[in-house]
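# Residue-level structure breakdown
Okay, here's what each chain looks like letter by letter:
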Amino acid sequence: MKKILVTVVLGVAVVAAAQTATPAQPPQGQAPQGQAAPAQPSAAPAQAAPAQAPVIKDPAEYNAYVGAIQQKDPAAQISGLEAFLTQYPNSVMKTAALQTLMQDYQQTNNQQKTVDTATKLVAADPSNERAIFLLAYFDRLKAQGGDPNAKQDLVDAKKYGQMGLDGLPKFSKPEGTSDADFQKMKDQMTGVFNAAIGIAALTDKDYTTGRTALRAAVQASPDFQKDFSVVYPLALAYAGPTPLDPNVAPDPINAIFFAARASVVAPNAQYQQQIEKYAKGLYVKYHAGDDGWTDVLAQAKANPLPPAGFTIKPAPSPAEQAHNMLTATPPDKMDFATWQFIFTNGSKEDQDTVWNAIKGKAVQMNGTVISATATEFDIAGSSDDIDAKKADITLTFEEKVPLRLIPKAGASLDFQGEPASYTSTPFMMTMEKGKLLKAAAPTPAKKPAVHHKPASQ
């Protein structure tokens, strides 16, 4: 399936009111002639203003910074700040200049320059949560969007995601931001950081971390509950690897719910149909039928997270299936494949019930010869074992079979025998008093017509 690059929309959930980072005036007598006091520039949104403004001591450096920051046109401000940072790479206003420059590039939709500037800002200020936020967000989306450097993108996304989570408890509320807006901001940042960690973990086949981080992202903010690029990977994380890995236990109920939810939030009709089909397939495999599926899909449409008490009835266990077979059909009316299934999967009580009903009684049936001698034939009696060319019956004769009547391997054979003993694993039934028949008797013939494999769990 094609991966989807989701458009980044930061908005008020991330960007707080602009904070001031105006440098102090240069020492007395060094103020630039003919220039008014600098306007308060916009520093990093979502970053609190410094407790004390830094001081630029060099008048030329001060003029360069103020001249750049006072530009109203974003392109002119970008040009001025880039020139300032090139000329004064170690300025006390470096962090403030990078924050404003990063915001300018973001506002002009220059993603690459936004990322480049954010990288420089984190190098200068490793605790800058907004720059870390942008890097975690963009690196994750680039990787999911099929970027040629996707592997490195995910390494970086994971790094910045963890940096962001580690720094979030120390993140101060920006001046002028309400408590509600600040909480909303932190919730979205939490989601972005966890999404970055979760996607990287899932790509590395670390399903445990992927589940934990992606679930935290979906729970963090309503925005992520309708974000296909997070909800669908969460379903995949719960489903686990294909083929199954004995070291990774799948979580089928959560996998089914979030796959259904992913179909609801899919970006177009084609994806919606594909993901719904995938989700239904998971459901049928786990439940052993599609009854109840429409209710599960309706709950996924109505709820972004599994509602309280949400569950799905699993398919009956092999032992339950064996008991149901015995309840539905008397042992002497069962085909051989059903006997085999019960003797292999049923409880001791159910096995004994069937065995006591058929032991020592003549049975006529058809099978495929695997090997044969004058006194003993190895025969495949169930469809599954016929397909596998594997014997599941040993038929013994009281008298030697004439050489001309001994069948070749692979031949279809009508025969009669009396069940004498069996082993469950691997399954093998021994039948005594074997007789060759010209045709299998129509009643009570035991035809290998049905495959009896356990329903998927």
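Residues numbered from 1 in each chain as written. Predicted model: local features only at pLDDT ≥ 70, side-chain atom pairs only at ≥ 80, totals over all residues. Heavy atoms only, no water.

## With respect to the overall build of the chain
Note the cut-off: Put simply, DSSP marks the helices as runs of H or I at least four residues long and the strands as runs of E at least two long, and each gets a number from the N terminus on. Exposure is judged per residue with a 1.4 Å probe applied to protein chains only, and the accessible area is read against the type maximum: over 50% gives exposed, under 20% gives buried, and values in between give partly exposed. By definition in these notes, contact holds between two residues if any of their heavy atoms fall within 4.5 Å. All accessible areas in this document rest on Shrake-Rupley with a 1.4 Å probe, and a residue is counted as covered only by the protein chains that are shown.
Per the secondary structure count, the chain includes 18 helices and five strands. Here the chain holds 457 residues, and 46% of them are scored as buried. For the chain, the proportion of contacts with a sequence separation of at least 24, taken over those separated by at least 6, is 64%. With an accessible surface of roughly 22,600 Å², the chain has 52% of that area assigned to carbon and sulfur atoms.

## Brief notes about the side chain of Arg140
Short version of the rule: For the purposes of these results, a polar contact is taken to be a pair of N or O atoms within 3.5 Å, where, inside protein, one atom must be able to donate a hydrogen and its partner to accept one; residues adjacent in sequence count only when each atom of the pair is a side-chain atom.
With respect to the helices, strands and loops of the structure, Arg140 is situated in helix H6 (residues 129-144). Looking at Arg140, its side chain comes within polar contact range of the side chain of Gln144, at 2.8 Å.

## Notes on the packing of helix H8 (residues 179-203) against helix H11 (residues 228-239)
Stated formally: Convention adopted: a line fitted to C-alpha atoms gives each axis, helices being fitted over their contacting stretch, and angles between N-to-C directions are expressed from 0 to 180 degrees. Should an angle fall under 35 degrees it is taken as roughly parallel, and over 145 as roughly antiparallel, whereas 65 to 115 is taken as roughly perpendicular and any remaining angle as oblique. Each crossing gets its hand from how the near helix is turned against the far one by less than a right angle, where anticlockwise is left-handed and clockwise is right-handed.
The contact between H8 and H11 brings their axes to 10 Å, and the two run at 40°. Of the possible angle classes, the one that applies to H8 and H11 is oblique. As H8 packs across H11, the resulting crossing turns out to be left-handed. Residues Ala195, Ile199 and Leu202 of H8 form the contact with H11, whose own contacting residues are Ser229, Val230, Pro233, Leu236 and Ala237.

## A few points about helix H15 (residues 318-328)
Operational definition: It is the directions from the helix axis to the C-beta atoms whose arc is reported.
Of the residues making up H15, those classed as buried are Gln321, Ala322, Met325 and Leu326. For H15, the arc enclosing every buried residue in end-on projection is 140°, short of the 170-degree limit, so these residues lie on one face. Facing away from the buried side of H15 by over 90 degrees, the exposed positions are Thr327 and Ala328. On its buried face, H15 is in contact with helix H16 (336-345) and helix H17 (348-358).

## Some points on the sheet that holds strand S5 (residues 428-436)
Basically, it comes down to this: Criterion used throughout: strands pair if DSSP finds at least two bridges between them.
Here five strands make up a closed barrel; going around it, the order is S1-S2-S3-S5-S4 and the pairing mixed. Averaged over all pairs of adjacent strands, the angle between their axes in this sheet comes to 55°, without regard to strand direction. Bridge analysis of strand S3 (residues 393-396) against S5 gives three bridges, and the strand direction is parallel. Looking at the pairing, Leu395 lines up with Met431 of S5. Relative to the sheet, H16 contacts strand S1 (363-372), S3, strand S4 (412-423) and S5, its axis offset from that of S5 by approximately 150°.

## Comments concerning the packing of aromatic side chains
The relative placement of two aromatic rings is captured by the distance of their centres and the angle of their planes. To keep things clear, this is the line we draw: Aromatic rings from Phe, Tyr and Trp, with only the six-membered ring used for Trp, were paired whenever their centres fell within 6.5 Å, and each pair was classed as stacked if the ring planes differed by under 30 degrees, edge-to-face if by over 60, and tilted otherwise.
Evaluated as defined, the whole model comprises 20 aromatic pairs. Grouping aromatic residues by their ring pairs yields a cluster made of Phe336, Trp339, Phe343, Trp355, Tyr422 and Phe427.

## Side note on the nonpolar core
For clarity, the threshold we go by: Among the buried residues, those of types Ala, Val, Leu, Ile, Met, Phe, Trp, Tyr and Cys that are joined through side-chain atoms within 4.5 Å form a nonpolar core.
In this structure, Tyr65, Ile256, Phe258 and Trp293 are the most contacted members of the largest nonpolar core, which totals 79 residues. It is H6 that provides the largest number of residues to this core, a total of 10 residues. With residues near it in sequence (within four places) discarded, Phe258 still touches Arg215, Val218, Val231, Leu234, Ala235, Tyr238, Pro304, Leu305 and Pro306. The next biggest cluster of nonpolar side chains, apart from the first, holds 26 residues, and it includes Ala322, Met365, Phe377 and Met429.

## Structural notes on the confidence of the model for the chain
Should pLDDT be low for a region, the predicted coordinates there are not to be read in detail. The line we're drawing: Every residue carries a pLDDT, the predictor's confidence in it, which falls somewhere between 0 and 100.
Per-residue confidence for the chain averages 86 on the pLDDT scale, and 84% of its residues sit at or above 70. For residues 1-22, every residue scores under 50 in pLDDT, and the model assigns this stretch 65 contacts once sequence neighbours within four places are set aside. Counting interchain partners and residues more than four positions distant, the pLDDT-below-50 stretch residues 25-51 has 66 contacts.

## Notes on the packing of H6 against H8
Helix-helix packing is described using two parameters, namely the angle between the two axes and the distance between the axes. For clarity, the threshold we go by: Charged means Asp, Glu, Lys or Arg here, nonpolar means Ala, Val, Leu, Ile, Met, Phe, Trp, Tyr, Cys or Pro, and polar covers whatever is left, Gly included.
Across the interface, H6 lies against H8 with an axial gap of 9 Å and an inter-helix angle of 40°. Judged by the inter-axis angle, H6 sits oblique to H8. Our pair here, H6 against H8, has a crossing hand that is left-handed. From H6, Glu129, Ile132, Phe133, Ala136, Tyr137, Arg140 and Gln144 reach across to H8, where they touch Gln188, Met189, Val192, Phe193, Ala195, Ala196 and Ile199. Residue composition of the contact of H6 with H8, by class: 10 nonpolar, two polar and two charged.

## Description of unusual backbone geometry
For the bond from Thr242 to Pro243, the omega torsion is 0°, close enough to zero to count as cis. Along the chain, the position of Pro243 falls in the loop between H11 and helix H12 (252-265). A cis geometry characterises the amide bond from Thr425 onward to Pro426, with omega recorded as -15°. Tracing the sequence through the fold places Pro426 in the loop between S4 and S5. At Lys433, a position not held by glycine, the phi torsion is positive, near 55°.

## Remarks on the pairing of S1
Judged by how many residues are buried, S1 sits mostly within the fold: seven of 10 residues are covered. Where S1 lies against S4, six bridges are found, and the strand directions are antiparallel. Looking at S4, one finds that Met365 is bridged to Phe415. Two elements, S1 and strand S2 (residues 376-380), share four bridges in a ladder whose sense is antiparallel. What sits directly across from Val369, in S2, is Ile379. Between the antiparallel neighbours S1 and S2 lie three residues.

## Observations regarding the pairing of S3
Both S2 and S3 contribute to a ladder of four bridges, which runs antiparallel. Following the sheet pairing, Glu376 is matched in S3 by Thr396.

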